[in-house]
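# Coordinates in review
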Amino acid sequence: MLDVVILAAGQGKRMHSALPKVLHPIAGKPMLAHVIDTARQLDPAQICVVYGHGGEAVRAALDAPDLIWAKQEPQLGTGHAVMQALPVLKVGAGSTALVLYGDVPLIRAETLRRLIAAAGDDKLALLTAHLLDPHGYGRIVRVDGKVVRIVEEKDADDAERMIGEINTGILVAPAAHLARWLPQLSNRNAQGEYYLTDIVALAVAEGVEVVTAQPADCWETDGVNSKAQLARLERIHQRNIAAALMAQGVTLADPDRIDVRGELVCGRDVFIDVNCVFEGHVELQDGVRILPNCVIQDAIVGPGSIVGPFARLRPGTVLAEDVHIGNFVEVKNSTIAAHSKANHLAYIGDTTMGSRVNVGAGTITCNYDGANKHRTVIEDDVFIGSDTQLVAPVTVGRGATLGAGTTLTRDAPADQLTLSRAKQVTVPGWKRPIKKKK
């Protein structure tokens, strides 16, 4: 049986932000949410989040039925933080506890499974890494190859600072052992804190074997303490997403210039140009082309469709086959049927559009009356002239044509030309005003 403890009480002073550190986002999702989702993949008996600084905001943002919350106040170190979770840990035979960190968002579930396997039922397992520059990390001290203790940077001597194997802080231990070791921790150290790492020496003293496992990539265990570190992990995460997309057959014009802040599902032969942002759940079906500088959120793009450049698809957009959405066109909460086009400078909101519709440049569906949203219906084979405003609720019948510059406030009949336009006049003798000299 596995219990997971996630430490998320840190203030994050170097973030220079009122937002609690663990709520800062990676790929549009709070760091702590990444860690919780990874923990869920391990199918634990329970997940306990230890919160502190900004705790109520953290809890309000991420509370869920499968989470247990334990408050750490004051914050007296990592060992003290895990102590707060002791009352909820199951300490019977075969029960183990995994300790994770809310500001280490990119740890992989497969890495944690290896660590759990290494621990078995009776060992203390540490996740360690080998770094060329271990500055700032606790060092793994071994004697004859066996781990005997962990020394923190501020407490290490010169020889210990030369050690390249570092402690990531992530560990697995028998819950009963953890419950026995934690009350024995002391705060007699340079920080005046209760270090979780001190349980290693306690384990060795009891004859409990201490084993290690390593991540496939060192960045998995990188924590975030500054905006620069947050940005670095963001780019690593986005490159990982890009690599996965390309492995599935998606063509990316530049893997370093795509941002996925949610879930992007792609069919075959999808092409994505540079500087595109995908938010929420986005589905791009076979043969879709996304041109540069588009933002697509919670939308479905049908096969063979083209979007962009500089287009925005907002939530509730569903495009059918071979739909063209062009430059500076915004679509929101609308369905557009096959072979329809809105190629230039248009806003289509709360609209049901049929097939083979042509939307002229500058067209707007006026869906908001200042209090309520209303829907526009455009049936098949409609031609809408440039600079047209459709004041919802309104229906444009099948095969209708709307003249350029029309403001449509009543339904337009099928197969007819409808327009509203002031009569064009020329004023004889009119002269342009001349700027007066001072």
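Structural notes, computed from the coordinates. Everything numeric in this text was worked out from a predicted model, so none of it was measured.

## Some details on the overall build of the chain
Across its full length, the chain holds eight helices and 36 strands. Against the 2.2 N^0.38 benchmark of 22 Å for 438 residues, the chain shows a C-alpha radius of gyration of 30 Å, more extended than a compact globule. Each principal axis of the C-alpha distribution contributes one length, and for the chain these read about 100 × 60 × 40 Å. Across the 438 residues in the chain, those meeting the buried criterion constitute 47%. At a minimum sequence separation of 6, the contacts of the chain that also span at least 24 residues come to 42%.

## Brief notes about the pairing of strand 15 (residues 276-284)
For a regular strand, side chains alternate in direction, first toward one face of the sheet and then toward the other. In terms of strand pairing, strand 13 (residues 258-266) meets strand 15 through nine bridges, oriented parallel. Among the inter-strand pairings, Val-265 is bridged to a residue of strand 15, identified as Glu-283. Pairing between strand 15 and strand 17 (residues 295-297): three bridges, direction parallel. In the strand pairing of strand 17, Phe-278 is matched with Ile-296. Here strand 15 runs beside strand 18 (residues 299-301); their pairing, made up of two bridges, is parallel. Paired with Glu-283 across the bridge in strand 18 is Ile-300.

## A closer look at the pairing of strand 9 (residues 146-151)
Two elements, strand 8 (residues 139-143) and strand 9, share five bridges in a ladder whose sense is antiparallel. The residue of strand 9 that forms the bridge with Arg-139 is Val-151. If you look at the hairpin formed by strand 8 and strand 9, you'll find two residues sitting between the two strands, and Asp-144 has a positive phi there, around 55 degrees.

## Observations regarding helix 4 (residues 109-119)
Where helix 4 is concerned, the buried positions are Ala-109, Thr-111, Leu-112, Leu-115 and Ala-119. The arc that holds every buried residue of helix 4, seen down its axis, measures 155 degrees, which confines them to one face. The secondary structure elements touched by the buried residues of helix 4 are helix 1 (31-40), strand 6 (96-101), strand 7 (124-130), strand 10 (165-174) and strand 11 (210-213). Where helix 4 ends, the next residue or the one after it, Gly-120, has phi of about 60 degrees, a positive value.

## Here we look at the nonpolar core
Core analysis: the largest hydrophobic core is formed by 64 residues, its most contacted members being Leu-98 and Leu-124. Of all the elements, strand 1 (residues 2-8) adds the most residues to this core, at six residues. In this view, Leu-98 contacts Leu-2, Asp-3, Val-4, Val-5, Leu-42, Leu-112, Leu-115, Ile-116, Ile-170, Leu-171 and Val-172; residues no more than four positions away in its chain are not counted. Counting residues in each nonpolar core, the second largest holds 46 residues, with Val-282, Ala-311, Val-382 and Ile-384 among its members.

## Topic: a nonpolar patch on the surface
The grouping of Phe-310, Phe-328 and Leu-345 at the surface amounts to a nonpolar patch, some 320 Å² of accessible area in total. With respect to the helices, strands and loops of the structure, Phe-328 is situated in the loop between strand 22 (324-327) and strand 23 (330-332).

## Points about the sheet that holds strand 19 (residues 306-307)
With respect to topology, ten strands assemble into an open sheet ordered 12-14-16-19-22-25-28-31-34-36, the strand pairing being parallel. Looking along the sheet, the strands with just one partner apiece sit at the ends: strand 12 (251-252) and strand 36 (417-418). Of the strand pairs in this sheet, strand 22 and strand 25 (residues 341-344) are connected by three bridges, and their pairing is parallel. Looking across to strand 25, one finds that Asn-327 is bridged to His-344.

## Regarding the state of the cysteines
As used here, a disulfide is simply a covalent bond connecting the sulfur atoms of two cysteines. As enumerated under the stated definition, the model contains zero disulfides in all. Here Cys-266 is not disulfide-linked; the sulfur of Cys-276 is the nearest cysteine sulfur, at 11 Å.

## Focus on unusual backbone geometry
The linkage connecting Glu-73 with the following residue, Pro-74, adopts the cis geometry, with an omega of 0 degrees. Assignment of secondary structure puts Pro-74 in the loop between strand 5 (67-71) and helix 3 (78-85). Looking along the chain, the bond that leaves Ala-392 and enters Pro-393 is cis, with omega of 0 degrees. Secondary-structure assignment places Pro-393 in the loop between strand 32 (389-391) and strand 33 (394-396).

Quick notes on the rules
- Residues numbered from 1 in each chain as written.
- Predicted model: local features only at pLDDT ≥ 70, side-chain atom pairs only at ≥ 80, totals over all residues.
- Heavy atoms only, no water.
- Helix = DSSP H or I, 4+ residues; strand = E, 2+ residues; numbered from the N terminus.
- Rg over C-alpha atoms; globule rule 2.2 N^0.38 Å.
- Buried < 20%, exposed > 50% of the residue type's maximum accessible area, 1.4 Å probe, protein only.
- Contact = heavy atoms within 4.5 Å.
- Pairing = 2+ DSSP bridges.
- Arc of directions from axis to C-beta.
- Core = buried A, V, L, I, M, F, W, Y, C linked by side-chain atoms within 4.5 Å.
- Patch = residues over 30% accessible without salt bridge, like charges linked within 9 Å, V, L, I, M, F, W, Y side chains within 5 Å.
- Areas by Shrake-Rupley, 256 points an atom, 1.4 Å probe, with all protein chains shown as cover.
- Salt bridge = Lys/Arg side-chain N within 4 Å of Asp/Glu carboxyl O.
- Disulfide = S-S within 2.5 Å.

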